[in-house]
Amino acid sequence: MSSNPNSSARVRIAFLFLFVLLGVATYFAIDLSKFQERLSTQEDHEILQGITNPSQLEDALKQHPLNNILRLMAKAAKAADDARSAIDRLSAQIEPATLSKEIDFNSTNRNNLDAFRSDLRKAEANAASFLPRYVAIFKAEHDQVESAARSLHAPKDIASPVLDGLAQRQAKALNAISAVLSARADYYRAYEKYLALLSSELASFKVVNGQFIFPLQRTVERYNVASGAMTAAARRVTDLETDVKKKNQPLPEEWMQLTGAK
């Protein structure tokens, strides 16, 4: 130890100044980091502006191949496309393939009609039970986007609205899908009842120029009720599915909001 008290004091003062300088340096380092983060986020928002379709996203990625927000947007768009394709495949599984065939009532028999009716009941059961499988598709999409946001270190002010918007879009889509499935179940049920009537009257009616000719007026009335119910149910399915297609965006809705698209 030094015998000079002034020397000891100078050492303490030097350490004190060093501590203060380190504290100031740390403060400015943290502040600079926050500034750079804000600047990066601002640049990300500017880069996103005006992107409304996949080709514009592809062009932006060519110009900024290392931009993590554009990379996240591309991953989210692919996840949405994959989910849409999975939904289309699942929807195609609702109806047995035999239901796509036209029935020739001039040559059909009761066994053929009964087999067709059985497939309609299967389709109705599928329409009533498939919703959880659509939920699973959307969950897979959400998990992919959430994982990508973490791995690409997306800023919170971009990742949060994207994930919130994704959840909102999926909730609306599931409501629409639920309505379509319910309408399709109603249609299959009405179609099956229509065929049940024709099957019970198979030996009594004729088909002339595409029109059913029944011998009794009461049968005509029953037929008109069954045919009208089936036609109305088919129209509702078409209207709902058309409305769903109209709402499809070239890019996920949550990203369209971030890019300033109308």
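Further up the page is the structure itself.
Residues numbered from 1 in each chain as written. Predicted model: local features only at pLDDT ≥ 70, side-chain atom pairs only at ≥ 80, totals over all residues. Heavy atoms only, no water.

In this section: the pattern of salt bridges. A complete count under the given rule lists 17 salt bridges for this structure. Here R189 ties to E124 by a salt bridge, and the two come within 2.9 Å at their closest N and O atoms. With R189 in helix α6 (residues 156-200) and E124 in helix α4 (residues 110-129), the pair connects residues that are 65 residues apart, well separated along the chain. Residue class for R189 comes out partly exposed when judged on its relative accessible area of 32%. E141 serves as the salt-bridge partner of R169, at 2.8 Å between the closest nitrogen and oxygen. Of this pair, R169 sits in helix α6 while E141 is found in helix α5 (residues 131-151), placing the two residues 28 residues apart along the sequence. On the accessibility criterion, R169 (16% relative accessible area) is buried. Here the residues in one salt-bridge network are D114, R117, R121 and E192, joined through shared partners. (Salt bridge = Lys/Arg side-chain N within 4 Å of Asp/Glu carboxyl O. Helix = DSSP H or I, 4+ residues; strand = E, 2+ residues; numbered from the N terminus. Buried < 20%, exposed > 50% of the residue type's maximum accessible area, 1.4 Å probe, protein only.)

Here the focus is helix α7 (residues 217-246). The end-to-end C-alpha separation of α7 is 43 Å, in line with the 44 Å expected for 30 residues at 1.5 Å each. Among the residues of α7, T219, Y223, A226, S227, M230, A233, V237 and L240 are the ones counted as buried. Structurally, α7 contributes buried residues whose contacts are with α6 and β2 (211-213). (Expected span 1.5 Å × (residues − 1). Contact = heavy atoms within 4.5 Å.)

All right, on to the environment of K75 then. Looking at where K75 falls in the secondary structure, it is placed in helix α3 (residues 68-92). Discounting chain neighbours no more than four positions away, the residues touching K75 are A148 and L152.

Glancing now at the packing of α6 against α7. The relative placement of two packed helices is expressed as an angle between their axes plus a distance between the axes. The N-to-C vectors of α6 and α7 enclose an angle of 155 degrees; their axes lie 8 Å apart at closest approach. As judged from the angle between their axes, α6 and α7 are roughly antiparallel. For the crossing formed where α6 meets α7, the hand is left-handed. Across the contact of α6 with α7, the residue classes break down as 19 nonpolar, two polar and five charged. (Axes fitted to C-alpha atoms, helices over the stretch in contact; angles between N-to-C directions. Parallel < 35°, antiparallel > 145°, perpendicular 65-115°, else oblique. Left-handed = near helix turned anticlockwise from the far one by under 90°. Nonpolar A, V, L, I, M, F, W, Y, C, P; charged D, E, K, R; others polar.)

Secondary-structure assignment places T219 in helix α7. Given a relative accessible area of 3%, T219 falls into the buried group. In this structure, T219 is in contact with E201 and F214, ignoring residues within four places of it in sequence.

Following the criterion strictly, the structure yields 11 aromatic pairs and no others. Their ring planes at 75 degrees and their centres at 5.2 Å tell us that F105 and F212 sit as a pair that is edge-to-face. With F105 in the loop between α3 and α4 and F212 in strand β2, this pair connects stretches of sequence that are 107 residues apart. The exposure classification of F105 matches that of F212, with both residues buried. With 5.6 Å between their ring centres and 55 degrees between their planes, Y187 and Y188 make a pair best called tilted. (Phe/Tyr/Trp six-rings, centres within 6.5 Å; stacked < 30°, edge-to-face > 60°.)

Before going further, it helps to spend a moment on the packing of α4 against α6. Orientation of α4 relative to α6, taken along the N-to-C sense of each, is 165 degrees, at an axis distance of 8 Å. Taken together, α4 and α6 sit at an angle that is classed as roughly antiparallel. Read as a crossing pair, α4 and α6 show a hand that is left-handed. Between α4 and α6, the contacting residues are R110, L113, D114, F116, R117, L120, R121, A123, E124 and A127 on the first element and L181, R184, A185, Y188, R189, Y191, E192, L195, A196, S199 and S200 on the second.

Each α-helix turn comprises 3.6 residues. Residues three or four places apart therefore point the same way. Here α4 contains 20 residues, and its C-alpha end-to-end distance of 29 Å stays within 8% of the 28 Å for a straight helix at 1.5 Å per residue. Listed in full, the buried residues belonging to α4 are L113, F116, R117, D119, L120, A123, E124 and A127. Considered in projection along α4, the buried side chains sweep an arc of 160 degrees and stay on one side of the axis. A side-chain oxygen of the first residue of α4 lies 3.1 Å from the backbone nitrogen of N111; this N-cap is N109. (Arc of directions from axis to C-beta. Polar contact = N/O pair within 3.5 Å; in protein donor to acceptor, adjacent residues only side chain to side chain.)

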